[in-house]
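Residues per chain, in single letters:
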Amino acid sequence: MTLAVNLTNAIPELVAIRHDLHAHPELGLEEFRTSDVVAKMLEELGYAVTRGLAGTGIVASLKNGTSNRSIGIRADMDALPITEETGLDYASQNPGLMHACGHDGHTTMLLGAARAIAERRNFDGTVHLIFQPAEENFGGAKIMMDEGLFEKFPCDAVFALHNEPNLPFGQFALREGPIMAAVDEARITITGRGGHGAEPQETADPIVCGAAIVMALQSIVARNIHPMDPTVVTVGSFHSGTASNIIPERAEIVIGIRSFDPGIRDELERRIRLIVEHQALSFDMTAEVDYQRSYDATINHKAETDILRDLAVRFAGRENVKDLERPFMGSEDFAYMLKAVPGSYFFLGSRVTGQEKPLHHPGFNFNDDLLPIGAAFWTELAESYLPI
Ligand SMILES: [Zn+2]
Ligand SMILES: [Zn+2]
């Protein structure tokens, strides 16, 4: 095995690819242009490219040598419905859409690895590069799997990364076990009885009821869940009414719920339903709860996390490798891949000045200096996982 892949010479090409993707962001399941660009490059590099999983998803496979072993590395391709405010000369040309999570960078790093892996041919086995759509919303990973991803392209292990502007530049942050939370969403519609703001006694005010529900929900994490179990209940939206002299008919509340333990996940739903329905009843109103389970928790496997850690230490030095004390409460549809195939997901830090905008901010921009690092790391991971 030869370590120390150096992709310094590839930087201009990687930066050009990343800026092109950044200028043309596309929403989940609509990454048509992005998918075309990616597939074309991979075909030119000699990969067997399969298109169309989850619509815009791509798997690029390369076999070398005689081994039956295989590795999967995944990048996400989708952008967000955010109006970009970076002022960059390669800023989004698609109004209202933006690469604000750095998936343009993730895709570019894996393309950089694709070139290095193909040119070096320093592995024995099969490399599957998985470019998935719709990480942000529709669970593109799950859709690709439902369409036979791992039956068609069996992987002994899968890996993925996310850039993280809150972590120091070049730091590898990993964690055995839970690393990202499960997320669910509850949409609550409170129906009261509207009327004149001067005659509240003739009405049933859904705003007052909604306010009581918002406050009562705070007791779940504080009083129903074990203090050592990480859980979040966030009221992210509360809409009702139009003017000071009108009591509205309805109020709508949207809640985001995050957890790790499946039993706690069930308990959160039970408590939320109880609180909402009974609070509404106490105000002589009704409330409907539309409760949708979304992504499962992302749970890293031990052996594959050890592989990541060992390589990261050799690659970046022990001082740049950190085992996270706590998981993040964000979510990831890579969770589904890790339920089907052993693997590990990690963060690659991109903070330089401390002034970087966070992920999902209209001023966020992926740090191009990470491109050769991520691409080289993926190359070394593939080569060291499939040694000659
Ligand atoms: Zn995101
Ligand atoms: Zn993301």
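The preceding data block contains the structure.
Computed from a predicted structure; not experimentally measured.

## Overview of the overall build of the protein
Reasoning step 1: On a plain count of helices and strands, the protein comes out with 10 helices and 16 strands.
Reasoning step 2: Compactness check: the protein gives a C-alpha radius of gyration of 23 Å against a globular reference of 21 Å for 388 residues, within 12% of the reference.
Reasoning step 3: Viewed in the frame of its principal axes, the protein has a C-alpha envelope of about 80 × 45 × 40 Å.
Reasoning step 4: Considering the protein as a whole, with its 388 residues, one finds that 54% of them fall into the buried category.
Reasoning step 5: Taking the intrachain contacts of the protein between residues at least 6 apart in sequence as the baseline, contacts between residues at least 24 apart amount to 82%.
Reasoning step 6: Accessible surface for the protein amounts to roughly 16600 Å². Of this, 51% is attributable to carbon and sulfur atoms.

## Observations concerning the coordination of the zinc ion (ligand 1)
In an ideal tetrahedron of four donors about a metal, each angle is 109.5 degrees. In an ideal octahedron of six donors, the angles are 90 or 180 degrees.
Reasoning step 1: Coordination sphere of the zinc ion (ligand 1), protein contribution only: Cys101 (SG), Glu136 (OE), Glu136 (OE) and His360 (NE2), at 2.0 to 2.7 Å.
Reasoning step 2: Note that the zinc ion (ligand 1) binds four donor atoms; their angles at the metal cover 53 to 150 degrees, and the shape is irregular.
Reasoning step 3: Written as a sequence motif, the donor arrangement for the zinc ion (ligand 1) is C-x34-E-x223-H.

## Digging into the coordination of the zinc ion (ligand 2)
Reasoning step 1: For the zinc ion (ligand 2), the full set of protein donor atoms is Cys101 (SG), His103 (NE2) and His162 (NE2), at a range of 2.0 to 2.3 Å.
Reasoning step 2: Between consecutive donor residues of the zinc ion (ligand 2), the sequence gaps follow C-x1-H-x58-H.
Reasoning step 3: Metal-to-metal, the separation of the zinc ion (ligand 2) and the zinc ion (ligand 1) is 3.1 Å; Cys101 coordinates the two. Taken together, the positions of Cys101 in the loop between strand 3 (70-76) and helix 3 (103-120) and His162 in strand 5 (residues 157-168) put the pair 61 residues apart, joining distant regions of the chain. One exposure class covers both Cys101 and His162, and it is buried.

## Some thoughts on the pattern of salt bridges
Reasoning step 1: Evaluated as defined, the whole model comprises 23 salt bridges.
Reasoning step 2: Its salt-bridge partner being Glu119, residue Arg115 comes within 3.0 Å of it at the nearest N-O pair. Here Arg115 and its partner Glu119 are both found in helix 3, four residues apart, which amounts to about one turn of the helix.
Reasoning step 3: On the basis of relative accessible area, Glu119 is assigned to the exposed category, the value being 56%.
Reasoning step 4: Asp146 is paired through a salt bridge with Lys142; the nearest N and O atoms lie 3.4 Å apart. With a gap of four residues between them, Asp146 and Lys142 both fall in helix 4 (residues 140-146), about one helical turn apart.
Reasoning step 5: The class of Asp146 is exposed, set by a relative accessible area of 58%.
Reasoning step 6: A relative accessible area of 33% places Lys142 in the partly exposed class.
Reasoning step 7: Each of Arg74, Asp76, Glu332 and Asp333 takes part in salt bridges that share partners, so that together they form one network.

## Description of the packing of helix 1 (residues 11-23) against helix 10 (residues 371-385)
Two measures define how a pair of helices packs: the angle their axes make with one another and the distance between the axes.
Reasoning step 1: Two elements in contact, helix 1 and helix 10, have axes separated by 10 Å at closest approach and are oriented at 105 degrees. Taken together, helix 1 and helix 10 sit at an angle that is classed as roughly perpendicular. On helix 10, the residues touching Ile11, Leu14, Val15 and Arg18 of helix 1 are Leu371, Pro372 and Ala375.
Reasoning step 2: Across the contact of helix 1 with helix 10, the residue classes break down as six nonpolar, no polar and one charged.

Each value, and the rule that gives it
Starting from 1, residues in each chain are numbered consecutively following that chain's sequence as written. A letter from A marks each chain and a number from 1 marks each ligand, given out in the order of writing. Given that the model is predicted, a residue must reach a pLDDT of at least 70 before its local features are reported, and side-chain atom pairs must reach 80 or more before they are shown or counted; all residues, however, enter totals for whole chains, interfaces and linings. Each side-chain value is worked out from all heavy atoms of the structure, with water and hydrogens disregarded. Numbering of helices and strands runs from the N terminus; a helix is a DSSP stretch of H or I covering at least four residues, while a strand is a stretch of E covering at least two. To get the radius of gyration, use the C-alpha atoms; to get the globule rule, take the number of residues to the power 0.38 and multiply by 2.2 Å. Each residue is placed in one exposure class: buried if its accessible area under a 1.4 Å probe, protein chains only, is under 20% of its type's maximum, exposed if it is over 50%, and partly exposed if it falls in between. Should any heavy atoms of two residues lie within 4.5 Å, those residues are counted as being in contact. Surface accessibility follows the Shrake-Rupley procedure with a 1.4 Å probe radius. Residue values consider only the protein chains on display as shielding. Here the term donor refers to an N, O or S atom within 2.8 Å of the metal (or 3.2 Å for Na, K and Ca), and because water is left out of the atoms, sites may appear incomplete. A four-donor site is called tetrahedral if each angle lies between 85 and 135 degrees; a four-donor site is square planar, and a six-donor site octahedral, when trans pairs exceed 155 degrees and the remaining angles lie between 65 and 115; all other cases are labelled irregular. Think of a salt bridge as a Lys or Arg side-chain nitrogen and an Asp or Glu carboxyl oxygen that are within 4 Å of each other. Interaxial angle, 0 to 180 degrees, is taken between N-to-C directions of lines fitted to C-alpha atoms, where a helix line uses only the stretch in contact. Any angle from 65 to 115 degrees is called roughly perpendicular, while one under 35 is roughly parallel, one over 145 is roughly antiparallel, and all others are oblique. Asp, Glu, Lys and Arg are counted as charged, while Ala, Val, Leu, Ile, Met, Phe, Trp, Tyr, Cys and Pro are counted as nonpolar; the rest, among them Gly, fall into the polar class.

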